[in-house]
Amino acid sequence: MRDQIKITNVINPFNKEITVSADKSISIRCVLLASQAIGVSKIYNLLESEDVINSLKCIKKLGIKYKKFEKYYKIYGYGINGYNFRNNTKLFAGNSGTLARLILGLLINSKKKLILTGDSSLSNRDFSRVITPLNTFGANIISKNNSLPLKISGTEFLRPIKYNERLGSAQCKSAVMLAAIKTPGITIIKAKKSRNHTELLFKFLKIPIKIFRNSRYDFINVKGLSNFKGFNYRVPSDISSCSFFLVLTLLSRKSTLKIKNVNINKTRTGVIEILNKMNSKIIFKNKRYYKGEQIADILVKSRKFNLKGINCPKRLNSSAIDEFLIIFLIAAKAKGISSFKDLGELNKKESPRLDIAVKFLRKLGVKVIRKNNDINIYGNPNLALKG
């Protein structure tokens, strides 16, 4: 495989308006929740990425029909006990940690056995963080070395749990919340701050949920065994997909870009806050709410020689977890030193992102000092790619 590409054309100044692809996190959650609803759900602007397609294939194997139309998908649900499948059914999650972890929560009451698999990358990731709480409900999830493949045996005799999520993982929190739907009584969750798409969807669907907050934790109570109706939902654009175009514009000459209808959920906008602390001056226009999610148009202008380094607050790590690699590129072109701390969670994604980022920056000729999970990036506004 080639480890380099050659770019021969330089981008000219531009003034454009674009729309980027739909939010993956919300797309997967909509598919899984629609599979548990009673009746037909219509999901507009569903992201047709590999992870979302694998989500659709998984619910089909669980006995849920879906149909693609020109502008939306229809998913035909039969309620929280509506899955119908053969014993030892195999589900393939591909490379999606979100799909693999969340769907486990919906399988804890299964009377039949299932096997959950994934690709080679996902099969190297740690699943103990969801196996432990889901087994506490009463399920029996078996694994070698806490990784895929998983053998799943559910139970009809589920019991609510008290769960303390300490990692800031929305996947773990959401898996427990979905399991709570299947469980009698009230499941109590104390969760370190992370993205809250599942909570907002629960509220929209009128799934019984109560949320209390302080500066560090969310306290979530979910009452189980409540069916909910099929729903219509238009998935907003993904801020992670936006980040590439934001950085491109910031580093271009005399350019302006508007990105329309973007999800600016506060648990996802760490990338904007970090870039603005680096003097980018990105602004939101036409802010509004859609079924709990905040949506806006994002306006960004060139700031190529005005960017400065940052001592990044650790509180922003979870809300920028998927955008740090692109943030590092801005740090490489900014004036001064940028410091980022406690980024170990980056290496627990589908690839060791922190390791890859450090290697990549050094290949570009950027000075990077790393100590465990902390890095300092020495920016250079005149940085040019090595030939």
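Bear in mind the structure is a predicted one, so any value in this text is a computation, not a measurement.

K.L.:
Sorry if this is basic, but what is going on with the packing of aromatic side chains here?
P.N.:
Where two aromatic rings form a pair, the distance of their centres and the angle of their planes describe that pair. On inspection of all chains with the given rule, the structure shows nine aromatic pairs. Judged by centre distance (5.9 Å) and plane angle (35°), the rings of Phe 324 and Phe 328 are tilted. Linking Phe 324 with Phe 328, this pair stays in helix α9 (residues 324-333), spanning four residues, or about one helical turn. Across this residue pair, the class does not change: Phe 324 and Phe 328 are buried.

K.L.:
When you look at helix α8 (residues 270-277) in this model, what are you seeing that I'm missing?
P.N.:
An α-helix turns once per 3.6 residues; consequently, residues spaced three or four apart project the same way. Among all positions of α8, only Gly 270, Val 271, Ile 272, Ile 274 and Leu 275 are buried. Residues of α8 that are buried in the fold lie against α7 (239-250), β15 (283-290) and α9. Asn 279 occupies a position one or two residues after α8 and carries a positive phi of about 80°.

K.L.:
It is not clear to me how the sheet that holds strand β8 (residues 150-153) should be interpreted in this structure. Could you clarify?
P.N.:
Paired through their backbone hydrogen bonds, the strands of a sheet run either parallel or antiparallel. The mixed open sheet is built from four strands, whose spatial order is β5-β6-β8-β7. Taken across any chain shown, the strands that pair with only one partner, and hence form the sheet edges, are β5 (89-92) and β7 (140-143). Neighbour-to-neighbour, the strand axes of this sheet turn through a mean angle of 20°, independent of strand direction. Bridge analysis of strand β6 (residues 113-117) against β8 gives four bridges, and the strand direction is antiparallel. Considered in β8, the bridge of Leu 116 is made with Leu 150. Helix α3 (residues 97-105) rests against β5, β6, β7 and β8 of the sheet, and its axis sits at about 165° to β6.

K.L.:
Is there a simple way to explain the nonpolar core in this structure?
P.N.:
Note that soluble globular proteins tend to have their nonpolar side chains buried in a common cluster. With 71 residues, the main nonpolar core has Leu 33, Ile 103, Leu 104, Leu 116, Phe 127 and Phe 202 as its most contacted residues. Once residues within four sequence positions are removed from consideration, Phe 202 is found in contact with Leu 33, Met 177, Leu 178, Ile 181, Ile 207, Ile 209 and Val 222. If you look at the next biggest cluster of nonpolar residues, it comprises 47 residues, including Ile 239, Val 262, Ala 331 and Ala 332.

Conventions adopted
Residues numbered from 1 in each chain as written. Predicted model: local features only at pLDDT ≥ 70, side-chain atom pairs only at ≥ 80, totals over all residues. Heavy atoms only, no water. Phe/Tyr/Trp six-rings, centres within 6.5 Å; stacked < 30°, edge-to-face > 60°. Helix = DSSP H or I, 4+ residues; strand = E, 2+ residues; numbered from the N terminus. Buried < 20%, exposed > 50% of the residue type's maximum accessible area, 1.4 Å probe, protein only. Contact = heavy atoms within 4.5 Å. Pairing = 2+ DSSP bridges. Axes fitted to C-alpha atoms, helices over the stretch in contact; angles between N-to-C directions. Core = buried A, V, L, I, M, F, W, Y, C linked by side-chain atoms within 4.5 Å.

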